[in-house]
Amino acid sequence: MENGAAPTAKPVIVAIDGPSGTGKSSTSKAVAAQLGLSYLDTGAQYRAITWWMVHNGIDLADPTAVAAVAGKPEIVSGTDPSAPTITVDGVDVAAPIRTQEVTSRVSAVSAVPEVRTRITELQRSLAAGAERGIVVEGRDIGTTVLPDADLKVFLTASPEARAARRSGELKGADLHATREALVKRDAADSSRKTSPLAKADDAVEVDTTELTLAQVIECVVTLVEEKRAAK
Ligand SMILES: Nc1ncnc2c1ncn2[C@@H]1O[C@H](COP(=O)(O)OP(=O)(O)OP(=O)(O)O)[C@@H](O)[C@H]1O
Ligand SMILES: Nc1ccn([C@H]2C[C@H](O)[C@@H](COP(=O)(O)O)O2)c(=O)n1
């Protein structure tokens, strides 16, 4: 039995979007684990295809070159929230997709429409196959990937709070440089033509600046339970 939960509740689809460092991954994983749902980190998929392009020497400054090979790598996401996995052509890339090299290039690759079409298909297929339901986190889940999701949440936080959280992760990182990098990536992700980072009109916005992670998780679990009860 997936995620150890009893097969009683109807499947529920939850979309969690927002800028970098707002707590999407931490919240989504915990909510999915608590409610016995699958979990999908769509940023990891964009990072994985970016890693493959870097690894294969594709010119990332040339969108035509990126588009031409967008269908080549086989990207597989494991959706157990207690142990999410990501492989490219059978290679475990969970660590290399988090390097600065990939982080600084992922916005360029994810702006290419052919890349988005490919990754969006994977995401929809995983969501459709999740027997109990799934929490999918990213930038365009509520607007484009799963517009009929049962619940859409848009997490926000001040750039200062997000930079402080990230600096805590990257020991010794410069707070100002971290903030600048976050703001730059958000601007690129929000301004691309195809499926930019955006709040869906029917999303619930949660400002996490002054909330603990536990409070955010509790808030989202309550929202999911309310939706489930109303189904
Ligand atoms: N409400 C919160 N209060 C304090 N720290 C938090 C909160 N939410 C998340 N964090 C911490 O902030 C860091 C970033 O969180 P997380 O990776 O979940 O964000 P994200 O939105 O998924 O970021 P990205 O889009 O860049 O992957 C983590 O170290 C996490 O533990
Ligand atoms: N649905 C998504 C998810 C992610 N991306 C892109 C934009 C992000 O900068 C990048 C990495 O995401 P993260 O791991 O920081 O969540 O991937 C996107 O375009 N659409």
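These numbers were taken from a predicted model, which means no experiment stands behind them. (Residues numbered from 1 in each chain as written. Chains lettered and ligands numbered in written order. Predicted model: local features only at pLDDT ≥ 70, side-chain atom pairs only at ≥ 80, totals over all residues. Heavy atoms only, no water.)

A. Highlighting the overall build of the protein. Scanning the protein for helices and strands turns up 10 helices and eight strands. For 231 residues, the compact-globule estimate of 2.2 N^0.38 gives 17 Å, and the C-alpha radius of gyration of the protein, at 17 Å, lies within 12% of that figure. Put simply, the protein has 231 residues, and 47% of those count as buried. A sequence separation of at least 24 residues applies to 77% of the contacts in the protein between residues at least 6 apart. Carbon and sulfur atoms provide 54% of the accessible area of the protein, an area that totals close to 10,900 Å². (Helix = DSSP H or I, 4+ residues; strand = E, 2+ residues; numbered from the N terminus. Rg over C-alpha atoms; globule rule 2.2 N^0.38 Å. Buried < 20%, exposed > 50% of the residue type's maximum accessible area, 1.4 Å probe, protein only. Contact = heavy atoms within 4.5 Å. Areas by Shrake-Rupley, 256 points an atom, 1.4 Å probe, with all protein chains shown as cover.)

B. Inspection of the side chain of glutamate 137 at higher detail. Along the chain, the position of glutamate 137 falls in strand β6 (residues 133–138). Buried and without a salt bridge, glutamate 137 has lysine 24 as its closest oppositely charged side chain, separated by 4.9 Å. At 2.7 Å, the side chain of glutamate 137 forms a polar contact with the side chain of serine 25. Those residues in contact with glutamate 137 that sit more than four places away from it in its chain are Ile16, Lys24, Ser25, Ser28, Tyr39, Leu40, Asp41, Thr42 and Gly43. (Lys, Arg positive; Asp, Glu negative; His and termini not counted. Salt bridge = Lys/Arg side-chain N within 4 Å of Asp/Glu carboxyl O. Polar contact = N/O pair within 3.5 Å; in protein donor to acceptor, adjacent residues only side chain to side chain.)

C. Focus on the site of ligand 1. In the vicinity of ligand 1 lie 17 residues, with Lys24, Ser25, Ser26, Arg166 and Glu169 positioned nearest. For ligand 1, an oxygen atom lies 3.1 Å from a polar atom in the backbone of threonine 22. Computed on the free molecule, ligand 1 has an accessible area of 630 Å², of which 79% lies beneath the protein chains in the complex. Among the elements of the structure, α1 (24–35), α8 (159–169) and α10 (213–230) are those that each provide at least two residues to the shell around ligand 1. Of the residues belonging to the shell around ligand 1, the class tally is four nonpolar, seven polar and six charged. (Near = heavy atom within 4 Å. Nonpolar A, V, L, I, M, F, W, Y, C, P; charged D, E, K, R; others polar.)

D. Representation of the nonpolar core within the structure. With 23 residues, the main nonpolar core has Met53 and Val115 as its most contacted residues. With seven residues, helix α2 (residues 42–55) is the single largest residue contributor to this core. Among residues more than four places away in sequence, those in contact with valine 115 are Tyr46, Ile49, Met53, Val66, Ala70, Val109 and Ser110. Core analysis: the second largest hydrophobic core is formed by 19 residues, Ala32, Leu35, Leu151 and Val206 among them. (Core = buried A, V, L, I, M, F, W, Y, C linked by side-chain atoms within 4.5 Å.)

E. Seen up close, the sheet that holds strand β5 (residues 91–92). Sheet architecture is open: three strands sit in the order β3-β4-β5, paired in antiparallel fashion. Edge positions in the open sheet fall to β3 (75–78) and β5, since each of these has one partner strand only. Judged from the two bridges that link them, strand β4 (residues 85–88) and β5 form a sheet pairing that is antiparallel. The residue bridging threonine 87 from the neighbouring strand is aspartate 92, located in β5. Along the sheet face, α2 touches β3, β4 and β5 and points at about 25 degrees away from the line of β4. (Pairing = 2+ DSSP bridges. Axes fitted to C-alpha atoms, helices over the stretch in contact; angles between N-to-C directions.)

F. View of the UniProt feature "binding site: ATP" (unreviewed entry) in the protein. Under the local residue numbering, the UniProt record ascribes the feature "binding site: ATP" (unreviewed entry) to Gly18, Pro19, Ser20, Gly21, Thr22, Gly23, Lys24, Ser25 and Ser26. Classification of proline 19 by relative accessible area gives buried; the value is 14%. Apart from the residues lying within four places of it in its own chain, the contact partners of proline 19 are Lys24, Arg139, Phe154, Leu155, Arg162, Asp186 and Leu197. Looking at where lysine 24 falls in the secondary structure, it is placed in helix α1. Sequence-distant contacts of lysine 24, defined by excluding residues within four places in its chain, comprise Ile16, Asp17, Gly18, Pro19, Glu137, Gly138, Arg139 and Leu155. A polar atom in the side chain of lysine 24 sits 3.2 Å from the backbone oxygen of glycine 18. (UniProt positions renumbered as here; feature names shortened; annotations may be inferred.)

G. Fine view of the sheet that holds strand β2 (residues 38–41). Taken together, five strands build an open sheet; the order of strands is β2-β6-β1-β7-β8 and the sheet is parallel. Edge strands, defined here as strands with exactly one partner in the open sheet, are β2 and β8 (204–207). Strand after strand, the sheet turns through a mean of 20 degrees between neighbouring axes, direction not considered.

H. Here's a closer look at the side chain of aspartate 140. Residue placement: aspartate 140 occurs in the loop between β6 and α7 (141–145). Given a relative accessible area of 2%, aspartate 140 falls into the buried group. Of note is the side chain of aspartate 140, whose polar atom sits 2.9 Å from the side chain of arginine 116. If we ignore the near neighbours within four places in the chain, the residues touching aspartate 140 are Asp17, Arg116, Val145, Ser195 and Pro196.

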